Amino acid sequence: RKILPRFIRPALIIGSITIEANATDEDSGIEKVEFYINGKLKGNDTSAPYTFEWKRDRIRLIHIFFIKVVAYDTTGETAIDRMIVRKFL
């Protein structure tokens, strides 16, 4: 039986946090950054530092969440990053 290394387990978040995305485009600049939780758009930011305050929306003891951040430059190109986390409360 194989045991997964610790670094594969999702990060544990307790309470509210600020999600920050670093996005740059030296050619055309960044237009906006969108923040998705479990596939639903929860917020966006149009100026650096690109952040989203993730507060408690429902009481759950521990739940798995999928965070996706999409950065758009001024020409319409995108870059996407994803992360899986466990959140307590």
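Residues numbered from 1 in each chain as written. Predicted model: local features only at pLDDT ≥ 70, side-chain atom pairs only at ≥ 80, totals over all residues. Heavy atoms only, no water.

Caption draft 1: Representation of the sheet that holds strand E6 (residues 62-73) in the model. Taken in spatial order, the five strands make up an open sheet running E1-E7-E6-E3-E4, and their pairing is mixed. What marks the edges here is a single partner per strand, and that holds for strand E1 (11-14) and strand E4 (40-45). Mean inter-strand twist for the sheet, computed between neighbouring axes without regard to direction, equals 35 degrees. As paired strands, E1 and strand E7 (residues 78-88) are joined by four bridges and run parallel to one another. Residue pairing in the sheet places Leu-12 in a bridge with Arg-86 of E7. (Pairing = 2+ DSSP bridges. Helix = DSSP H or I, 4+ residues; strand = E, 2+ residues; numbered from the N terminus. Axes fitted to C-alpha atoms, helices over the stretch in contact; angles between N-to-C directions.)

Caption draft 2: Geometry of the side chain of Asp-73. Its place among the elements puts Asp-73 in strand E6. Of the polar contacts made by the side chain of Asp-73, one reaches the side chain of Ser-28; its length is 3.4 Å. Looking at Asp-73, its side chain comes within polar contact range of the side chain of Thr-75, at 2.8 Å. Residues within four places of Asp-73 in sequence aside, it is in contact with Asp-25, Ser-28, Gly-29, Ile-30 and Glu-31. (Polar contact = N/O pair within 3.5 Å; in protein donor to acceptor, adjacent residues only side chain to side chain. Contact = heavy atoms within 4.5 Å.)

Caption draft 3: Representation of the packing of aromatic side chains within the structure. Inspection of the entire model under this criterion finds two aromatic pairs. Residues Phe-35 and Phe-52 carry aromatic rings whose centres are separated by 5.8 Å and whose planes lie at 20 degrees to one another, so their mutual orientation is stacked. With Phe-35 in strand E3 (residues 30-37) and Phe-52 in strand E5 (residues 50-54), this residue pair connects regions lying 17 residues apart in the sequence. By relative accessible area, which is 1% here, Phe-35 ends up buried. When the centroid spacing of 5.1 Å and the interplanar angle of 85 degrees are considered together, the rings of Trp-54 and Phe-65 count as edge-to-face. Note that Trp-54 is positioned in strand E5 and Phe-65 in strand E6, a separation of 11 residues in sequence. Judged by relative accessible area, Phe-65 falls into the buried class, the value being 9%. Its guanidinium or amino end placed over the ring of Tyr-36, Lys-68 lies 4.8 Å from that ring's centre, counting from NZ or CZ. The aromatic ring of Trp-54 is capped on one face by Lys-87, whose charged end is 4.4 Å from the ring centroid. (Phe/Tyr/Trp six-rings, centres within 6.5 Å; stacked < 30°, edge-to-face > 60°. Buried < 20%, exposed > 50% of the residue type's maximum accessible area, 1.4 Å probe, protein only. Lys NZ or Arg CZ within 6 Å of the ring centre and 35° of its normal.)

Caption draft 4: Highlighting the environment of Phe-88. Inspection of the secondary structure puts Phe-88 in strand E7. When its relative accessible area of 28% is taken as the criterion, Phe-88 is described as partly exposed. Separated by 26 residues in sequence, Phe-88 and Ile-62 have C-alpha atoms that sit 4.5 Å apart.

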